[in-house]
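# Structural characterization, general
Given next are the chains, with one letter for each unit.
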Amino acid sequence: MIYCILGMTGTGKTTLAREVSKKLKIPIIISYTSRPIREGEQQDVDYHYVDNKYFDDNEDDFIEMREYEVYDGSIWKYGYKKSDFSNKNKDYLVVIETDGYKAFKEYFGRDKLKPILINSQIGDLYLRLQKRGDNEKEIERRINDDMQKFKIFSETEEHENVYNYYDLNFAVKQLMRKITKGD
């Protein structure tokens, strides 16, 4: 099973996935990106940081590849490689967004996926993104974009919900229950 952890920017998807990965011994598949590395992030831990040319040169190796024009006009690309999912009988965690989920559903089939939506309050998202040093214009762009995408996702895709409001440990326990309760 591929446990797809989805949520708006700043909901704590990666933090929750890492905690659950440690506790349940389910590997997180790390995506590729051409965006600049943030302070405190590490190559091959947070992302596989590559340039846009890498995406162009390896386009056929990706399950999905998406790009965003950010506040300053730069293009950032993201994606997951097929080869990272070579063991079809193994469970995986992925932190993914809505377009990526659609591509995964097409590539793997819905029966191989369990989408779990992480929910947080909008004010908390702003605070978390500001705390990690994101650009104010980019915060606004991403939250507005995510609000539209996740409204549609919530209305059209069957999924589980986890609430990451004030207690990270409670959210971790919720996520673990969603994963271990079976299909």
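These notes cover the structure that comes with them. (Residues numbered from 1 in each chain as written. Predicted model: local features only at pLDDT ≥ 70, side-chain atom pairs only at ≥ 80, totals over all residues. Heavy atoms only, no water.)

### Here's the deal with the sheet that holds strand β6 (residues 92-95)
One open sheet holds the 4 strands; their spatial order is β6-β1-β7-β8, and the pairing between them is parallel. Both edges of this open sheet fall to β6 and β8 (160-163), since each of them pairs with a single strand only. Between one strand and the next, the sheet's axes are offset by a mean angle of 25°, whatever the strand orientation. With 4 bridges connecting them, strand β1 (residues 2-7) and β6 associate as parallel partners. Considered in β6, the bridge of I5 is made with V95. Each of β1, β6 and β7 (113-119) is contacted by helix α1 (residues 13-24), which is oriented at about 165° to β6, the strand it contacts most. (Pairing = 2+ DSSP bridges. Helix = DSSP H or I, 4+ residues; strand = E, 2+ residues; numbered from the N terminus. Axes fitted to C-alpha atoms, helices over the stretch in contact; angles between N-to-C directions. Contact = heavy atoms within 4.5 Å.)

### With respect to the side chain of D46
Topologically, D46 is positioned in the loop between β2 (32-33) and β3 (48-49). Overall, D46 belongs to the buried group, its relative accessible area being 19%. Polar side-chain contacts of D46 include one of 2.3 Å to the side chain of R18. Looking at D46, its side chain comes within polar contact range of the main-chain nitrogen of Q42, at 2.6 Å. For D46, the contacting residues outside a window of four places in its chain are R18, I30, G40 and E41. (Buried < 20%, exposed > 50% of the residue type's maximum accessible area, 1.4 Å probe, protein only. Polar contact = N/O pair within 3.5 Å; in protein donor to acceptor, adjacent residues only side chain to side chain.)

### Comments concerning the pattern of salt bridges
Pairing of side chains with opposite charge becomes possible as their charged atoms draw close. One pass over the structure, following the stated rule, counts 22 salt bridges. For E19, the salt bridge identified is with K22, shortest N-O distance 3.3 Å. Here E19 pairs with K22, and both are found in helix α1, just 3 residues apart, close to one helical turn. Residue classification places E19 among the partly exposed positions, given a relative accessible area of 25%. For K22, a relative accessible area of 52% corresponds to the exposed category. A salt bridge links K102 to D99, with the shortest nitrogen-to-oxygen separation between them at 4.0 Å. In this pair, K102 and D99 both sit in helix α3 (residues 98-108), 3 residues apart, roughly one turn of the helix. Judged by relative accessible area, D99 falls into the partly exposed class, the value being 35%. (Salt bridge = Lys/Arg side-chain N within 4 Å of Asp/Glu carboxyl O.)

### Focus on the packing of helix α4 (residues 122-131) against helix α5 (residues 136-156)
Interaxial distance between α4 and α5 falls to 10 Å at its minimum, and their mutual angle equals 145°. As for how α4 packs across α5, the hand of that crossing is right-handed. In contact with I122, L125, Y126, L129 and Q130 of α4, α5 contributes E136, I139, E140, I143 and M147. Its residues assigned to classes, the contact of α4 with α5 shows 7 nonpolar, 1 polar and 2 charged. (Left-handed = near helix turned anticlockwise from the far one by under 90°. Nonpolar A, V, L, I, M, F, W, Y, C, P; charged D, E, K, R; others polar.)

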